[in-house]
Amino acid sequence: MPITTLEEFTSATFDYLIVGGGTAGLTLAARLTEDPRVVVGVIEAGGYDPLVPEINVPGMMGRTIANPLYDWTFFSVPQSRANDRVVLQPRGKGLGGSSMNNFLGMFRPSRDELNALEELGNDGWNWPSLFEYMKKSESTLPSGLNSQDAKKYAADPDSALHGTQGPITKSFPTILTELHALLFDTAEVLGVQRNPETGNGKVVGAMTSFSSVDPRTATRSYAATGYFEPNSSRDNLLVLLNAQVLKIILEPVEGGFHQALGAEFLKDGTTTSVTAVKKDVILSAGTFQTPQLLELSGIGNPEILSKYKIPQIIDLPGVGENLQDHVYIPTIVEVDAKYETMEVLRDPVELKRHEELYKRQEGLFSSVPAAAFLFLPANAFGSKEEVNAWKSRIKVEPTTATPAPSRPELRRGLEKQYEFHRKWFVDENHAQAEILNYNGHHPSVPGVPAPGKRYTSLVCALMHPLSRGTVHITSANPLTPPAIDPNYFANETDLDLLVHITRFALKVYNTPPFGDAFKEFLMPPKETLQATGTQVEQDERLREYVRETCAPVYHPIGTAAMLPRADGGVVDSNLQVYGTHNLRVVDVSILPMELSCHTQAMAYVIGEKGADILRARASGKN
């Protein structure tokens, strides 16, 4: 019954209404409806097709990006410090949300990062608590590697640290390449050791990542397959597809608070509403659309709301502020043709062979082509003097280069975040950079591989950007996309860091044994890397390359930050929007600081913990 008609949905009475059937939203819905007495409605703007190869087949990852059937395909506003470029900002559209489109990595943050959530004022949000939700959400399959290969590929986890009964299957890739191992050998030459277990909150080092793939079927494991499909026969779970929520309906109640009654939405060209919600309305619309819906509903900065003649209901200046994402720079090189990379699939004969192999859960389509990662502390790519200079720039400055937040509570909250950044920046146990190895020409980078050639990519990402961006409405029309401003390089330290991280990757290409496979640079181009002119001129060419190619890693967070209201927070530690009795946010927009990991696993954690928070409230425990 769960996928319902409009008539069935609008005639129902709900305990909980969830806006967004994405990663956290479906997790929340599945857990709440474990109690057959609890009725949950989910409104999802996209559709659901469980048989799309581009979603399900691991080796096809990335092919749904910018496809409007499955991706909102947002773009940033022009980035003034990145050559005025308008940059793609993907977000999943459909049941499963971005877990449907992502690159399948299952990572955990550092122990200190999760403990910082509690230190910032959020009781119960710490490593011991959230670690249990990580395990609860996952079912980990053994790698099958012998002890020699487990060491070679840094894939030797402690089974006690990983879940075995959760909805999301995670596993190691079934294809581990020789280039993968050579990368780790070279990393050790450069001082970065293998780390065979990063699930314990210690993320620095070279590691093979878990992926959200079930190798028994060679298919993606995501929110729709893990949390929705097994529960799709529940009578108390109703899902309305292809319906876009326009705003939350609120009414004033005693004490100056507001009660969420339900939501107004558009379905098949008709605007309608559902208001029969007995307990809570939950926004799980993601980092870009959760703040948009809050503002459209009258919750946010009054200066922004008044600009579009939206009556202010709650003055909450943190809405849409504090946007962060990992920023990456691509590097791609040609390698010796003896290595099998994803380019072999461009040969019709090889393509046919791998299609046949996939039917046996084997071959390049069966596994994730990006499994080798380096997580680097600052001292791996910067000298002691450079690290100290970078640390000295971690501050809120009322300058045009790094604009201070306009409200004192926002400035206060940012300064508290920066306190952690300063401490972690000089700690060799904290990752400030990630280098991801893709076995081929990275699919997110424009360009067509030359016939017959083989490539490998090192994607260079900044883990803790100092710049803060925004997401705000640009119209009272809910169908107008929000203005997404990542504000790249507002703190110029981010640019300097990415240049140094990229230089580290260039050093990897030129260092044996990984360097022995290297033939020629594709990106950065030869003219960027030529050793002509002064050192300042050479550095500027690389800085220009960073400005021209920077892009997000698709891990946006922070725009409905879980912080005290006095620090610019939008929700409290119970995920309740300030000034309301029963409007919650359950998605990664609540995270106040970017993490040194990919965010898929944390989205499941937030959904799992959100369900326990709501159940505790219903039972009178909070």
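Up top is the structure these notes are about.
Treat the numbers as computed from the prediction; the structure is a model and nothing was measured.

Cut-off values and rules
Residues numbered from 1 in each chain as written. Predicted model: local features only at pLDDT ≥ 70, side-chain atom pairs only at ≥ 80, totals over all residues. Heavy atoms only, no water. Pairing = 2+ DSSP bridges. Helix = DSSP H or I, 4+ residues; strand = E, 2+ residues; numbered from the N terminus. Axes fitted to C-alpha atoms, helices over the stretch in contact; angles between N-to-C directions. Contact = heavy atoms within 4.5 Å. Core = buried A, V, L, I, M, F, W, Y, C linked by side-chain atoms within 4.5 Å. Buried < 20%, exposed > 50% of the residue type's maximum accessible area, 1.4 Å probe, protein only. Arc of directions from axis to C-beta. Polar contact = N/O pair within 3.5 Å; in protein donor to acceptor, adjacent residues only side chain to side chain. Phe/Tyr/Trp six-rings, centres within 6.5 Å; stacked < 30°, edge-to-face > 60°. Lys NZ or Arg CZ within 6 Å of the ring centre and 35° of its normal. Parallel < 35°, antiparallel > 145°, perpendicular 65-115°, else oblique. Nonpolar A, V, L, I, M, F, W, Y, C, P; charged D, E, K, R; others polar. Salt bridge = Lys/Arg side-chain N within 4 Å of Asp/Glu carboxyl O.

Which residues make up the sheet that holds strand 16 (residues 277-283), and what values go with them?
Here we have five strands laid out as an open sheet, ordered 12-2-1-16-27, and parallel in their pairing. Looking at strand neighbours, the two that pair on one side only are strand 12 (237-240) and strand 27 (583-585), the edges of this open sheet. Along the sheet, successive strands turn relative to each other by an average axial angle of 20°, direction set aside. Pairing analysis gives four bridges linking strand 2 (residues 40-43) to strand 12, with the strands arranged parallel. Each bridged residue has a counterpart across the sheet, and for Ile 43 the counterpart in strand 12 is Leu 240. Its contacts with the sheet place helix 9 (residues 286-296) against strand 1 (14-19), strand 16 and strand 27, and it is angled at close to 125° to strand 16. Helix 17 (residues 600-618) rests against strand 1, strand 16 and strand 27 of the sheet, and its axis sits at about 160° to strand 16.

Give a detailed account of the nonpolar core, specifying residues and quantitative values.
Nonpolar side chains in soluble globular proteins tend to be buried together. In this structure, Val 40, Trp 125, Ile 248, Ile 299, Leu 374, Phe 381 and Leu 583 are the most contacted members of the largest nonpolar core, which totals 182 residues. At ten residues, helix 14 (residues 493-509) tops the list of elements feeding residues into this core.

Can you tell me about unusual backbone geometry, naming the residues and giving the values?
In this chain, Pro 512 is followed by Pro 513 through a cis amide linkage whose omega measures 5°. Residue position: Pro 513 is located in the loop between helix 14 and strand 25 (518-523). Look at the link from Met 523 to Pro 524: it is a cis peptide, with omega at -5°. Here Pro 524 is to be found in the loop between strand 25 and helix 15 (526-529). Positioned with a positive phi, Leu 104 is a non-glycine residue whose angle comes to about 75°. Tracing the chain through its elements places Leu 104 in the loop between strand 4 (88-89) and strand 5 (105-106). Positive phi values are uncommon outside glycine, yet Tyr 554 reaches one of about 70°. The residue Tyr 554 is located in the loop between strand 26 (551-552) and strand 27 in this model. Judged by relative accessible area, which is 18%, Tyr 554 ranks as buried.

How would you sum up helix 11 (residues 348-358)? Please name residues and give values.
Restricting attention to buried positions, one finds in helix 11 the residues His 354, Leu 357 and Tyr 358. Taken around the axis of helix 11, the buried residues stretch over an arc of 100°, which confines them to a single face. Seen from the open side of helix 11, the exposed residues pointing more than 90 degrees away from its buried face are Pro 348 and Val 349. Measuring from the side-chain oxygen of the N-cap residue of helix 11 to the backbone nitrogen of Val 349 gives 2.8 Å; that N-cap residue is Asp 347.

Tell me about the packing of aromatic side chains, residues and numbers included.
Inspection of the entire model under this criterion finds 20 aromatic pairs. Here Phe 9 and Phe 265 contribute two aromatic rings whose centre-to-centre distance is 6.5 Å and whose plane-to-plane angle is 90°, an arrangement assigned as edge-to-face. Pair noted here: Phe 9 is in helix 1 (residues 6-10) and Phe 265 is in strand 14 (residues 258-267), with a separation of 256 residues, a long-range link. Between the aromatic rings of Tyr 488 and Phe 489, the centroid separation amounts to 6.2 Å while the plane-to-plane angle is 40°, which identifies the pairing as tilted. The residues Tyr 488 and Phe 489 share a single accessibility class, namely buried. The residue whose ring lies beneath Lys 93 is Trp 72, and the NZ or CZ to ring-centre distance is 4.4 Å.

I'd like a rundown of the packing of helix 5 (residues 127-137) against helix 17, residues and numbers included.
Look at helix 5 against helix 17: their axes get within 9 Å of each other, and the N-to-C directions meet at 105°. As judged from the angle between their axes, helix 5 and helix 17 are roughly perpendicular. Contacts between helix 5 and helix 17 pair Ser 129, Leu 130, Tyr 133, Met 134, Lys 136 and Ser 137 from the former with Met 602, Tyr 604, Val 605, Glu 608, Lys 609, Asp 612 and Arg 615 from the latter. Class assignment of the residues belonging to the contact of helix 5 with helix 17 gives a composition of six nonpolar, two polar and five charged.

Lay out helix 2 (residues 23-32) with the relevant residues and their values.
Among the ten residues of helix 2, ten are classified as buried, and the element is accordingly described as predominantly covered. Among all positions of helix 2, only Thr 23, Ala 24, Gly 25, Leu 26, Thr 27, Leu 28, Ala 29, Ala 30, Arg 31 and Leu 32 are buried.

Could you give an account of the pattern of salt bridges, naming the residues involved and the relevant values?
If you walk through the whole model with that rule in mind, you get 34 salt bridges. A salt bridge links Glu 492 to Arg 543; the shortest N-O distance between them is 2.6 Å. Of this pair, Glu 492 sits in the loop between strand 24 (483-485) and helix 14 while Arg 543 is found in helix 16 (residues 535-549), placing the two residues 51 residues apart along the sequence. Look at Glu 492 and you get partly exposed, because its relative accessible area is 47%.

How would you explain the environment of Leu 466 if you had to name every residue and give the values?
Following the sequence through the fold, Leu 466 ends up in the loop between strand 22 (454-462) and strand 23 (470-472). A residue is classified by how much of its surface remains accessible, and Leu 466, at 2% relative accessible area, is buried. As for Leu 466 and Val 192, which are separated by 274 residues in sequence, their C-alpha atoms are 24 Å apart. Those residues within four positions of Leu 466 in sequence are excluded, and the remaining contacts are Ile 394, Tyr 418, His 421, Asn 491, Thr 493 and Asp 494.

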